[in-house]
Structure formats: C-alpha cells, structure tokens
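# Breakdown of the fold
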Amino acid sequence: MTSVGSAKSMAKALETAMRAKNVDISHGECLDIVARQLGCKDWNVLTARAKSMTASATRKVKDLKVWEFRAAYPDAYDHGADAEAGAPGGSAALIRLIPEISADRYIDLTKAMGGYMQTASARPYRGKRVAVSAQLRSEGVSHGATILASVGGAPGETFAYDNLKNHRDGWLFGDNPWTSRKVVLDVDDDAESLFFGFFLKGAGAVWAADFSVDMVDTSIPLTGERIERRAVEAAWRTPTNLRFAEATEPLGSTA
C-alpha cells in the first residue's frame, strides 16, 4: 500500500494540475480522490489503514516475551502487542486475521485459528484449584474467540482442560467491549504443566489484556471437566535425525 506521505504528494500534484486548468478544487477533495484511486472510501479510511499496516509491520518484528503465537499460517495474522487498544492495565495483545493474505491460506474459515499460548510450571499450584482469567475485546469475530487453559503431566498427558466452548459466557462473536472470561481447573498433585492463552477462530480480531492465574477456594465451581486419567506412553523427545536425512513437506504442499 502507498504510504501516507506518497499519497499526500499525489494529492498535491493533482491539485496543482487541476488549478493549472482553472479547475476550482480543494486540497481535501484531492486527498479523497487519491484515496479512492487507492481503493479506499476516503482520506480518513486511507490514513487509518496505513496506520494499521504500519503497526502490523512493527508487531511482526517483535516477540511477546514468554508467549508463543501458534497458527497453521502465522503470516496470515497481524498479531502482537497493541499499545492503542485502550486495554485494562494499559497494554494488550492482538490477534487479527488479515483478509488479503488469509484468503490464499484458509479457503475454509473454520480451519483458521490463531492463538497466543504460554506454558508454566504447575508445581506451585499442585493440589489447588486455579482460576485463569483475562479481559477480552473482539471486533468482527466470525467463528469465536476466548481463553483456554489445561493442566498436564508428562508430554501427552492432559488432566483437565477447558476452552469455555459450552458455556453461556464463553466464546465471543462479532463486536464486544472489554469482557471478562475465566477458566477454573483443579491441579493434580503430580501435575507438571499449566497451559493457557487466548485464540481467534475464523475472521475478525480479538484483544486480550490483564491475564491472571490465581489459586481459588474449592467453593468456586469448576468450568472444565476432569479428563479420565489413562496410561500414556512417555513422549519425551530423544535425539533424532542427527544426520539431517529426514525432512517434512512444507505446510500446505501437495504431492
């Protein structure tokens, strides 16, 4: 997309050319004409879009400490810190699906899912009930957005999980102001990991702010059902592919 500075130069050149032909036209009218030539409704839309793209480019070169962004096609998302979200606490993380890119990545929007996740040690919470909560705001969400959390043991073992899918105050759709969401789970005595985060499914944007992980009294009801424990083969990774002879096909490739 053309920069705001370049668009202003185009508008100035247009104004000069029109006045040379004795056409009475204001600078504001020239700005709107240039904006429409660039595919925007008016100058205000063009500048807002340019500002958004600049912020997106900045986010792409920065990582949120500890948080990991997960998606089949990460390049289809604008994601990262958003200081202008008006968030509780003053800062937030954003996940937005980019229509111009995602159309080539996700033909079926139900397959589009991106999320920020964090894994922490469960040891400080063993034998306790834990509430994972956050504030969320959404814009144009088509298939849902919310938080999730799980408690696990060795790799491959999940003891408890919830993403609020079946709750009345669960997934957000469409546009929503800042809204609280909470997952409450019991942490087993031998739990090793506490996994939590937030996600966007389908199109739109979701912001998250003010995450907290707190031990709560057992009088606070659980939101997620416990998962029946079963014997699981240890999934610890051992030294593998040391001669670099094994490779995987790029995501989305065809035979």
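This report concerns the structure included in the present document. Quick caveat, the model's predicted, so the values are computed rather than measured. (Residues numbered from 1 in each chain as written. Predicted model: local features only at pLDDT ≥ 70, side-chain atom pairs only at ≥ 80, totals over all residues. Heavy atoms only, no water.)

### Notes on the overall build of the protein
Across its full length, the protein holds four helices and nine strands. Across the protein, helices and strands are ordered from the amino to the carboxyl terminus as α-α-α-β-β-β-α-β-β-β-β-β-β. When each of the 255 residues of the protein is scored for burial, the buried share is 37%. Counting only contacts in the protein whose residues sit at least 6 apart along the sequence, the fraction spanning at least 24 positions is 75%. As displayed, the protein has an accessible area near 15200 Å², and 52% of this comes from carbon and sulfur atoms. (Helix = DSSP H or I, 4+ residues; strand = E, 2+ residues; numbered from the N terminus. Buried < 20%, exposed > 50% of the residue type's maximum accessible area, 1.4 Å probe, protein only. Contact = heavy atoms within 4.5 Å. Areas by Shrake-Rupley, 256 points an atom, 1.4 Å probe, with all protein chains shown as cover.)

### Let's talk about the pairing of strand S8 (residues 193–201)
Burial analysis of S8 places nine of its nine residues in the buried class, the great majority of the element. Along S8, one buried face is formed by Ser193, Phe195, Gly197, Phe199 and Lys201 and the opposite face, lined by Leu194, Phe196, Phe198 and Leu200, is buried too. As judged from the nine bridges shared by strand S4 (residues 113–121) and S8, these two strands associate in the antiparallel manner. Along S8, the bridge assignment pairs Gly115 with Phe199. Relative to S8, strand S5 (residues 129–152) runs antiparallel, the two sharing eight bridges. Note that in S8 the partner of Gly152 across the bridge is Ser193. (Pairing = 2+ DSSP bridges.)

### Some remarks on unusual backbone geometry
Phi at Asn22 is positive, roughly 60 degrees, even though this residue is not glycine. Mapped onto the elements of the fold, Asn22 is located in the loop between helix H1 (4–20) and helix H2 (27–37).

### Topic: the pattern of salt bridges
Under the criterion given, the structure shown has seven salt bridges. Here Glu192 ties to Arg123 by a salt bridge, and the two come within 3.2 Å at their closest N and O atoms. With Glu192 in the loop between strand S7 (172–186) and S8 and Arg123 in the loop between S4 and S5, this residue pair connects regions lying 69 residues apart in the sequence. Among the ionic pairs, Arg129 bridges to Asp186, the shortest N-O distance being 2.7 Å. Here Arg129 is found in strand S5, whereas its partner Asp186 is found in strand S7, with 57 residues between them in sequence. Residues Arg129 and Asp186 agree in their burial class; the two are buried. Ionic contacts of the salt-bridge type, sharing partners, join the residues Arg123, Arg126 and Glu192 into one network. (Salt bridge = Lys/Arg side-chain N within 4 Å of Asp/Glu carboxyl O.)

### Considering H1
Its 17 residues place the ends of H1 24 Å apart at the C-alpha level, agreeing with the 24 Å of an ideal helix rising 1.5 Å per residue. Looking only at H1, the buried set comprises Ala7, Ala11 and Glu15. End-on, the buried residues of H1 take up no more than an arc of 80 degrees, which puts them together on one face. (Expected span 1.5 Å × (residues − 1). Arc of directions from axis to C-beta.)

### Observations regarding the packing of H1 against H2
One can describe the packing of H1 onto H2 by two numbers: an axis separation of 8 Å at closest approach and a directional angle of 120 degrees. Judged by the angle between their axes, H1 and H2 are oblique. Read as a crossing pair, H1 and H2 show a hand that is right-handed. Taken together, the residues of H2 that come into contact with H1 (itself represented by Ala7, Lys8, Met10, Ala11, Lys12, Leu14 and Glu15) are His27, Cys30, Leu31, Ile33 and Val34. By residue class, the composition of the contact of H1 with H2 is eight nonpolar, one polar and three charged. (Axes fitted to C-alpha atoms, helices over the stretch in contact; angles between N-to-C directions. Parallel < 35°, antiparallel > 145°, perpendicular 65-115°, else oblique. Left-handed = near helix turned anticlockwise from the far one by under 90°. Nonpolar A, V, L, I, M, F, W, Y, C, P; charged D, E, K, R; others polar.)

### As for the environment of Arg129
By relative accessible area, which is 13% here, Arg129 ends up buried. In this view, Arg129 contacts Val184, Leu185, Asp186, Asp214, Met215, Val216, Asp217, Thr218, Ile220, Pro221 and Leu222; residues no more than four positions away in its chain are not counted. Here Thr218 takes part through its backbone oxygen, which lies 2.9 Å from a polar atom of the side chain of Arg129. Reaching out from Arg129, the side chain makes a polar contact with the backbone oxygen of Ile220 at a distance of 2.7 Å. (Polar contact = N/O pair within 3.5 Å; in protein donor to acceptor, adjacent residues only side chain to side chain.)

### So, the packing of aromatic side chains
Summed over all chains, the structure comprises ten aromatic pairs. Here Phe69 and Tyr77 contribute two aromatic rings whose centre-to-centre distance is 5.5 Å and whose plane-to-plane angle is 65 degrees, an arrangement assigned as edge-to-face. Across the pair, Tyr77 and Phe69 agree in class, each one buried. Each residue in the set Trp67, Phe69, Tyr73, Tyr77, Tyr106, Tyr116, Phe196, Phe198 and Phe211 is aromatic and connected to the rest through ring pairs, giving one cluster. (Phe/Tyr/Trp six-rings, centres within 6.5 Å; stacked < 30°, edge-to-face > 60°.)

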